[in-house]
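Summary of structural features
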Amino acid sequence: MARSTQTVDELAERVAAGDRRALARAISLVENDDPRGWELVRALFPHTGRAHTVGLTGPPGAGKSTLIGRLVEHARAQSKSVGVLSVDPSSPFTQGAVLGDRIRLSEHFLDPGVFIRSMANRGALGGLAEAALQAVLLMDASGREEIFIETVGVGQAEVDIVDHADTVVLVLIPGSGDSIQALKAGVMEIPDVICVNKADHPLTETMVREIRGVLALGPQGGWRVPIVRTEAARGEGIDELAAKIAEHRDYLGAVGELAERRRRNLVSEVLTIASARLRKRLEGALRDDPELARLLDEVAARRLDPSSAAERLLAVAASAAVPN
């Protein structure tokens, strides 16, 4: 046991020192739900809170990967260390990330100032795996100054990106049905910056007008959501996009919202982890306890309603959690 603890401590020291291989190992442990991964997060958590985390979300094909590649270039030109987390669709066979490390980010793989990791969403609603924020915390602890999160392009359900980022960028493209749906959906309520990519399209100005119309219907807070036109493939508009992201970070700090937003993010992560672990325990109890299994038989026979059955399950879980 002492040997295992020493190994975790040594790995934590290497992560804190910015060792890329140690960081990759640490994220793998967390993603695989290895107890050593959670020990690492516990040890490194006091060293977090320094990185600016930016979430990019939007429909498939909007060019999020290309945009992140350009934003990484911009950050590296300012000598900032960067982390990238791409949350990919899960393979139905291996549960691994289908797309792997993004091809468009390949030019940054050998840069010691850039750490890129793909993570399978494993069916998580909203496109983010349960371990995603843990991976971000580990990148933060390793000294990465800018961290970009790219989520699966699943549209409206991606609203949970707001629970994992300091600044949320919604990427849309003109002439796309998915982008039009985003204008109508709840996803329009979450961005801090809106990026209209592939802005050489003839319908770009029409989309910008539509976006402004939708934003005008929402609450008018202190931060006015900017709309930035980019052509990521040619590197156009990237300086302005990076400037608006930095401006939002400065705004949050100036009005005292950064600490509150991060507190909300961490509370959300606590609830997410607790919910996932509670579900796992309940599923185990249903497999191992014949009485609980019969409870579901009662529901199937329509002698017991699902809500009442759920209350009984929660009561069992609560009693099991109380120490003797």
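In case you missed it, the structure is sitting above this.
Keep in mind that this is a model prediction, so the values were computed, not measured.

With that settled, the discussion passes to the packing of helix α8 (residues 238–255) against helix α9 (residues 257–288). Axis separation between α8 and α9 bottoms out at 5 Å; the angle between their running directions is 100°. The angle between the axes of α8 and α9 places the two elements in the roughly perpendicular class. Residues H248, R249, Y251, L252, G253 and V255 of α8 lie in contact with α9, whose contacting residues are E257, L258, R261 and R262. Here the contact of α8 with α9 is composed, by residue class, of four nonpolar, two polar and four charged.

Glancing now at the packing of aromatic side chains. For the structure on display, the rule yields one aromatic pair. With a centroid separation of 5.4 Å and an interplanar angle of 40°, the aromatic rings of W223 and Y251 are classed as tilted. Of the two residues, W223 is situated in the loop between α7 (204–217) and β7 (227–229) and Y251 in helix α8; the sequence distance between them amounts to 28 residues.

Okay, the nonpolar core next. The tendency in soluble globular proteins is for nonpolar side chains to be buried side by side. Judged by nonpolar contacts, the single largest core of 31 residues is most densely connected at L23, I27, L40, L85, M119, L138 and M139. Elements that contribute at least two residues to this core include exactly α1 (2–16), α2 (20–31), α3 (35–44), β2 (82–88), β3 (114–120), α5 (132–141) and β4 (146–150). Each residue touching L138, except ones within four places of it in the same chain, is listed here: V15, L23, A26, I27, V30, V41 and L44. In terms of nonpolar packing, the next biggest core, distinct from the first, is built from 24 residues, A62, I68, L71 and I245 among them.

The next subject is the environment of A135. In this structure, A135 sits in helix α5. You can call A135 buried: its relative accessible area is 0%. The sequence separation of A135 and R117 amounts to 18 residues, and the corresponding C-alpha distance is 9.0 Å.

Bringing the packing of helix α4 (residues 64–77) against α8 into the picture now. As a packed pair, α4 and α8 sit with axes 10 Å apart at the nearest point and diverge in direction by 75°. In terms of axis orientation, α4 runs roughly perpendicular to α8. Seen from α4, the contacting residues are L67, R70, L71 and H74; seen from α8, they are I238, D239, L241, A242 and I245. Across the contact of α4 with α8, the residue classes tally to six nonpolar, one polar and two charged.

Calculation criteria
Residues numbered from 1 in each chain as written. Predicted model: local features only at pLDDT ≥ 70, side-chain atom pairs only at ≥ 80, totals over all residues. Heavy atoms only, no water. Axes fitted to C-alpha atoms, helices over the stretch in contact; angles between N-to-C directions. Helix = DSSP H or I, 4+ residues; strand = E, 2+ residues; numbered from the N terminus. Parallel < 35°, antiparallel > 145°, perpendicular 65-115°, else oblique. Contact = heavy atoms within 4.5 Å. Nonpolar A, V, L, I, M, F, W, Y, C, P; charged D, E, K, R; others polar. Phe/Tyr/Trp six-rings, centres within 6.5 Å; stacked < 30°, edge-to-face > 60°. Core = buried A, V, L, I, M, F, W, Y, C linked by side-chain atoms within 4.5 Å. Buried < 20%, exposed > 50% of the residue type's maximum accessible area, 1.4 Å probe, protein only.

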